[in-house]
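Structure assessment
Residues per chain, in single letters:
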Amino acid sequence: MKAMSEKVYLVLQPPTEEDSRSSAKRILDGLKDRFGKVQIPVRVLRKLYPLCQKAGWKLTVSLAQNGSGWTMVNIEPGDTTATHYGLAVDLGSTTVVMDLVDIHCGKVIASHTAVNGQVAFGNEILSRIFYGHEDPEKLAEIHKATVDTFAKLMQELSEKAGFDVHQCPMMVVSGNTTMQHFLLGLDAFTVFMSPYATVTTQAGFVPGWELEIPLEGMVYIVPSKSNYVGGDITSGAVALGLVESEEINVFLDIGTNGELLIGNRDFMVAGAGAAGPALEGEVIRTGMRAEPGAVDAVRIRDDVVELSVIGNIAPKGICGSGIVDMLSELYMEDILDFRGKFLPENSARMEKIDGEWAFRYADDLYFYQSDVDQFIATKAAAYTMVEYMMRKIGLEMEHISKFYLAGAFGTHIKIESGVTVGLYPDLPTEQIQCAGNSSLLGARMLLLNREKLQDVEKFLEYTDYIQFGEVANFVDIMSAAQGIPHLDISRYPSVAASKAARKK
């Protein structure tokens, strides 16, 4: 593997009066033929004496990519090349996932997830941006919370693996542009404020100590394309091979914001805009995250509701995948019409609460008309991103080879339910693929193969970016998608056929 880090065992001749080259020069000469010019930072120089003499000049050096070559990040006595690990990180705004990877075979040795410490400054990213804006002390608090989350994960992985992961020579971090700013200790106000000229989109390779991460090695921060098309999307493009594909593919990551890529190895168009938080469950009255007690799947037949609940306990609320299932079933059972309005006469479970119709899906748990309206706004925005982009580049759905769905919703939402409610286009099931955590997958691929940096550079160079919030007629285009599955049912022939079959 051509990983971003290397461990090299050197057997060197000890110095003599005839050969009094310095310790550093002796090591650099031993590396020169294979690695060319290598940098040795002062903190590593301080380790050389008396380590080299005590080790009898039999040494293992750890090297990490630095953007232009190699940096020596550690030195150990003897041959320790058998233990060569690296770290891949998905720096999400809510959760952070860290993988410990065996560089020799590419296997994930251990993985751990933690809540991003930044949530102490607001669940919404915008709250955190305002908290740290133009106040260096508060910005430092957000940065420290981010770094503390990394430190916590590294300690957990060390305990799981029985190996001190702080000695890893390389860490690859993938996250959106705001998360990158907070990791770097930068004011992220420019990320959302016009003209969206961020402080940086390409921090590149940074020593761990400079970020205050307790890591011996280097940290590669996967570059962003723009303010809203972050390093997590760049990683996704690399992971799915979008910049290498001859076929035209779509990549959609839906959250509070929606990010979209359409293209292949010859062209790429990226877009981003607000999708709305309905899929995260937090604006649904009984919504919650995907944790024990959350309804994650729903089936309705003849007004009988069957629920799948995480943890197999009594339901406490409903999460994103359950919301999509719920709406799909309500529509297919004619409890919701194509406008997304309840038809109370078609279910004995309908009740009017505070003047609003609501469907009782469990004891004391209801799905309200306002919940439906929130979801429709979210799914219409996501659908319209795809439709607008397709129109702009002159493509039809039959030109698309694969439609990739990224993130937690792309992993857990049933494809059939997503199509039924109009969240996804009406494509054959085999063309719609769940990409899972493509951000983390891309980080691992980069960690293990430095040649993938060429894919990153290509993506950044030839991708055209559109910010949907700046599109004048975006809202007008979106209005047609404010139906279940769409106001133009001819766009969803499979849904129409399935609904007709269920009525028989």
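The model shown is predicted, which means the values in this text are computed figures rather than measured ones. (Residues numbered from 1 in each chain as written. Predicted model: local features only at pLDDT ≥ 70, side-chain atom pairs only at ≥ 80, totals over all residues. Heavy atoms only, no water.)

Digging into the overall build of the protein chain
Helix and strand counts for the protein chain stand at 15 helices and 22 strands. Its C-alpha atoms give the protein chain a radius of gyration of 26 Å, within 12% of the compact-globule value 23 Å for 504 residues. For the protein chain, the spread of C-alpha atoms along the principal axes amounts to about 100 × 50 × 45 Å. Considering the protein chain as a whole, with its 504 residues, one finds that 56% of them fall into the buried category. (Helix = DSSP H or I, 4+ residues; strand = E, 2+ residues; numbered from the N terminus. Rg over C-alpha atoms; globule rule 2.2 N^0.38 Å. Buried < 20%, exposed > 50% of the residue type's maximum accessible area, 1.4 Å probe, protein only.)

Considering the environment of Ile477
Looking at where Ile477 falls in the secondary structure, it is placed in helix 14 (residues 474–479). Overall, the relative accessible area of 9% leaves Ile477 in the buried class. Through-space distance from the C-alpha of Ile477 to that of Leu51 is 68 Å; in sequence the pair is 426 residues apart.

Quick notes on the sheet that holds strand 14 (residues 294–301)
On the basis of which strands lie adjacent, the open sheet formed by three strands has the order 15-14-16 and mixed pairing. Looking at the sheet topology across the chains shown, the edges are occupied by strand 15 (304–309) and strand 16 (317–318). Looking at chain direction, strand 14 and strand 16 are connected through two bridges and run parallel. What sits directly across from Val295, in strand 16, is Ile318. Helix 8 (residues 320–332) rests against strand 14 and strand 16 of the sheet, and its axis sits at about 10° to strand 14. (Pairing = 2+ DSSP bridges. Contact = heavy atoms within 4.5 Å. Axes fitted to C-alpha atoms, helices over the stretch in contact; angles between N-to-C directions.)

Notes on the nonpolar core
Membership of the largest hydrophobic core comes to 62 residues, with the highest contact counts inside it found for Leu260, Met326, Phe359 and Tyr361. Counting residues per element, this core draws most heavily on helix 9 (residues 369–393), at twelve residues. Non-local contacts of Tyr361, meaning those with residues more than four positions away in its chain, are made with Thr286, Val295, Val305, Leu307, Gly317, Ile318, Met326, Arg349, Tyr366 and Phe367. Residues Ala64, Val229, Leu242 and Leu448 belong to the second largest nonpolar core, which totals 38 residues. (Core = buried A, V, L, I, M, F, W, Y, C linked by side-chain atoms within 4.5 Å.)

Observations concerning helix 3 (residues 125–132)
Every buried residue of helix 3 is listed here: Arg128, Ile129 and Gly132. Within helix 3, the buried residues cover an arc of 100° as seen down the axis, which keeps them to one side. Structurally, helix 3 contributes buried residues whose contacts are with helix 4 (136–161), helix 5 (177–184) and helix 6 (189–192). Downstream of helix 3 by one or two residues, Glu134 has phi in the positive range, about 60°. (Arc of directions from axis to C-beta.)

Comments concerning the side chain of Asn227
The residue Asn227 is located in the loop between strand 10 (218–221) and helix 7 (231–239) in this model. Of note is the side chain of Asn227, whose polar atom sits 2.8 Å from the backbone oxygen of Val191. Sequence-distant contacts of Asn227, that is, excluding residues within four places in its chain, are made with Thr177, Val191, Tyr196, Thr198, Tyr465 and Gln467. (Polar contact = N/O pair within 3.5 Å; in protein donor to acceptor, adjacent residues only side chain to side chain.)

Topic: the packing of helix 3 against helix 5
The axes of two packed helices give the description: the angle between them and the distance between them. It is the contact of helix 3 with helix 5, at a shortest axis distance of 11 Å, that shows an interaxial angle of 35°. For helix 3 against helix 5, the interelement crossing comes out left-handed. Here helix 3 contributes Ile125, Arg128 and Ile129 to the contact with helix 5, which in turn contributes Thr178, Met179 and Phe182. Tallied by class, the residues present in the contact of helix 3 with helix 5 amount to four nonpolar, one polar and one charged. (Left-handed = near helix turned anticlockwise from the far one by under 90°. Nonpolar A, V, L, I, M, F, W, Y, C, P; charged D, E, K, R; others polar.)

Some words on the pattern of salt bridges
Considering all chains together, one arrives at 28 salt bridges under this definition. One salt bridge connects Lys7 with Glu76, and the closest N-O pair in it is separated by 3.2 Å. Of this pair, Lys7 sits in strand 1 (residues 5–11) while Glu76 sits in strand 4 (residues 70–77), placing them 69 residues apart in sequence. For Lys7, a relative accessible area of 13% puts it in the buried group. A relative accessible area of 15% means that Glu76 is categorised as buried. Notably, a salt bridge pairs Glu306 with Arg299, separated by 3.6 Å at the nearest N-O pair. Judged by its relative accessible area of 38%, Arg299 is partly exposed. A cluster of three or more residues bridged by salt bridges with shared partners is formed by Asp19, Arg21, Lys25, Arg26 and Asp29. (Salt bridge = Lys/Arg side-chain N within 4 Å of Asp/Glu carboxyl O.)

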